[in-house]
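Commentary on secondary and tertiary structure
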Amino acid sequence: MQIGVPLETAAGETRVAVTPETAKKLVAQGHAVRVQAGAGVAASATDAAYEAAGAQIVDRATALGADLVLKVRKPGADELGLMKAGATLVGMLDPFDKDGLAALAGAGLTSFALEAAPRTTRAQSMDVLSSQANIAGYKAVIMAADRYQKFFPMLMTAAGTVKAARVVILGVGVAGLQAIATAKRLGAVIEASDVRPSVKEQVESLGGKFIDVPYETAEEKEAAEGVGGYARPMPQSWLDRQKVEVAKRVAAADVVISTALIPGRAAPVLITEDMVKSMKPGSVIIDIAAGKGAGGVGGNCPLTEAGKTVTRHGVVIVGETNLPALVAADASALYARNVLDFLKLVCPKDAAAVQVPMDDDIVAACLMTQGGEVKRP
Ligand code: NAD
């Protein structure tokens, strides 16, 4: 089968869906891999490395005109115009974007959104949300350390003692756990909050302190348990008590990394403007939920500006929306392996055409469009 790998064109996108490592494996499976010239350059993968892996370097129209197109981000209108009806698309296609899915259906594509894979053991090797969130959590801390004008570790020097930075992590999913581990390696003192009670043990095992907000009603406990490992919106009564506890920790913090998300909904506001005002000058907030607040504005902090770093009330607020793209080589390496693993389900060795085995729960969950219709809004 012809597999096309175009250069990503979304602003700031540096990742690539196939690396020389995975191209070699696809070629060994009997596929013709066509990579757009320069597609991997921002992720440290040269055209020569793809050629050495057995791929062909082609122009944009050829890469997008393949039977199977592998991408990182959903295609824009110009890209859709170069794709052929009946082709298959695999990528992070934003399953909650109704208009985006309608455009894919309108272009006659069979499309698979990898973000929609279930959070099961079998799907772990193709879990793009996890592979990329892990990188986001790491980079958020590295970025905070870079912006913060003090040390992270406690230092005892001849010139006196420097206190360790206090880092508060809000939301302890994949990104939050990696943020705790990374901040710990740098010597910070860590406190973390999440709605899900199962997280407490994980925070403690990484050397952080869990900000306990006990559940007082059956409704609160049930919401906290979530669905399929994901959070559900918490009752206001619990959120009010969480706010009080978080506010105390944020006021004392040097760095806040917020990662709290609820799939398909606006990110909850956890750091209010008053809390920002209470922080010490020079403190840093890295809001991984940037651009995911109500109406696509703000994040876990309403003062966050997506794609920008701003200083408000003396606090530096970083609203970077694509942290994995800032670690392009490893983000691509992990993403490309996720894609390769997914292809085993729909594009077995030597297959002449993509298959859509709907009895496979991962395939069924990821299928977004087929035959001109949106299958899973
Ligand atoms: P996510 O990106 O959807 O959300 C980040 C975190 O924010 C979550 O931990 C969520 O509980 C938290 N959050 C939401 N509202 C909050 C609030 N008001 N206050 C504080 N925190 C809030 O989460 P994710 O990283 O995708 O992970 C979700 C879960 O899925 C985790 O338990 C993770 O370990 C699990 N997971 C399982 C598998 C698997 O079994 N294969 C794979 C990956 C992740």
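Reading the values: the criteria
Residues numbered from 1 in each chain as written. Predicted model: local features only at pLDDT ≥ 70, side-chain atom pairs only at ≥ 80, totals over all residues. Heavy atoms only, no water. UniProt positions renumbered as here; feature names shortened; annotations may be inferred. Near = heavy atom within 4 Å. Polar contact = N/O pair within 3.5 Å; in protein donor to acceptor, adjacent residues only side chain to side chain. Areas by Shrake-Rupley, 256 points an atom, 1.4 Å probe, with all protein chains shown as cover. Nonpolar A, V, L, I, M, F, W, Y, C, P; charged D, E, K, R; others polar. 1 Å grid on protein atoms, 1.4 Å probe; cavity = no way out; pocket = protein on both sides within 12 Å on 5 of 7 lines; lining within 4 Å. Points joined across faces, edges and corners; volume = space filled by probe spheres on them. Helix = DSSP H or I, 4+ residues; strand = E, 2+ residues; numbered from the N terminus. Buried < 20%, exposed > 50% of the residue type's maximum accessible area, 1.4 Å probe, protein only. Axes fitted to C-alpha atoms, helices over the stretch in contact; angles between N-to-C directions. Parallel < 35°, antiparallel > 145°, perpendicular 65-115°, else oblique. Left-handed = near helix turned anticlockwise from the far one by under 90°. Contact = heavy atoms within 4.5 Å. Salt bridge = Lys/Arg side-chain N within 4 Å of Asp/Glu carboxyl O. Arc of directions from axis to C-beta.

As recorded in an unreviewed UniProt entry, the protein chain goes by the name NAD(P) transhydrogenase subunit alpha part 1, listed as coming from Ideonella livida. Recorded under Catalytic activity (unreviewed entry), the UniProt text for the protein chain is reproduced unchanged: "NAD(+) + NADPH + H(+)(in) = NADH + NADP(+) + H(+)(out)".

A few points about the site of the ligand
Near the ligand, the surroundings consist of 24 residues, among which R119, V174, D194, R196 and Q242 are the closest. Separating an oxygen atom of the ligand from a side-chain N or O atom of R119 is a distance of 2.8 Å. Calculation on the ligand without its partners gives an accessible area of 850 Å², and the protein chains cover 85% of this total. Here the residues of the shell around the ligand are counted per class, giving 11 nonpolar, 9 polar and 4 charged.

Details of empty space enclosed by the protein
As enumerated under the stated definition, the model contains 1 cavity of 30 Å³ or more in all. Of the volumes computed, that of the largest cavity is approximately 30 Å³. Classifying every residue of the lining of the largest cavity gives 6 nonpolar, no polar and 3 charged.

Observations concerning the environment of E225
Its location among the elements puts E225 in helix α9 (residues 218-225). Residue class for E225 comes out partly exposed when judged on its relative accessible area of 48%.

Overview of the packing of helix α6 (residues 128-147) against helix α7 (residues 174-185)
The contact between α6 and α7 brings their axes to 7 Å, and the two run at 40°. Taken together, α6 and α7 sit at an angle that is classed as oblique. The hand of the α6/α7 crossing is right-handed. Between α6, through S130, A133, N134, G137, Y138, V141 and I142, and α7, the contact on the second element is made entirely by V174, A175, Q178, A179, T182 and A183. Residues of the contact of α6 with α7, tallied by class, amount to 8 nonpolar, 5 polar and no charged.

Some details on the environment of A102
The topology assignment puts A102 in helix α5 (residues 98-106). Distance from A102 to K74, taken between C-alpha atoms, is 12 Å for residues 28 residues apart in sequence.

Some words on the pattern of salt bridges
Counting across every chain of the model gives 26 salt bridges. Here E21 makes a salt bridge to R337, at a shortest N to O gap of 2.8 Å. Pair noted here: E21 is in helix α1 (residues 20-28) and R337 is in helix α12 (residues 328-346), with a separation of 316 residues, a long-range link. Look at R337 and you get partly exposed, because its relative accessible area is 38%. Residue E245 is joined to R249 by a salt bridge in which the shortest nitrogen-to-oxygen separation is 2.9 Å. Here the residue E245 and the residue R249 both occupy positions in helix α10 (residues 236-252), the gap between them amounting to 4 residues, near one helical turn. Residue classification places E245 among the partly exposed positions, given a relative accessible area of 21%. Here R249 falls in the buried class, since its relative accessible area comes to 18%. Residues participating in the shared-partner salt-bridge network are R166, E191, E245, K248 and R249.

What to know about the packing of α1 against α12
Running from N to C, α1 and α12 cross one another at 20°; their axes reach a closest spacing of 9 Å. In terms of axis orientation, α1 runs roughly parallel to α12. The two elements α1 and α12 cross, and the hand of that crossing is right-handed. Contacts from E21, T22, K25 and L26 of α1 reach α12 at A336, R337, L340 and L343. Residue classes in the contact of α1 with α12 are distributed as 4 nonpolar, 1 polar and 3 charged.

Quick notes on α9
All of the buried residues along α9 are E220, A223 and A224. Down the axis of α9, the smallest arc covering the buried residues is 100°, so these residues share one side. Set apart from the buried face of α9 by more than 90 degrees, the exposed residues are A218 and E222. As for α9, its buried residues are in contact with α10. Within two residues after α9, G226 carries a phi angle of roughly 70°, on the positive side.

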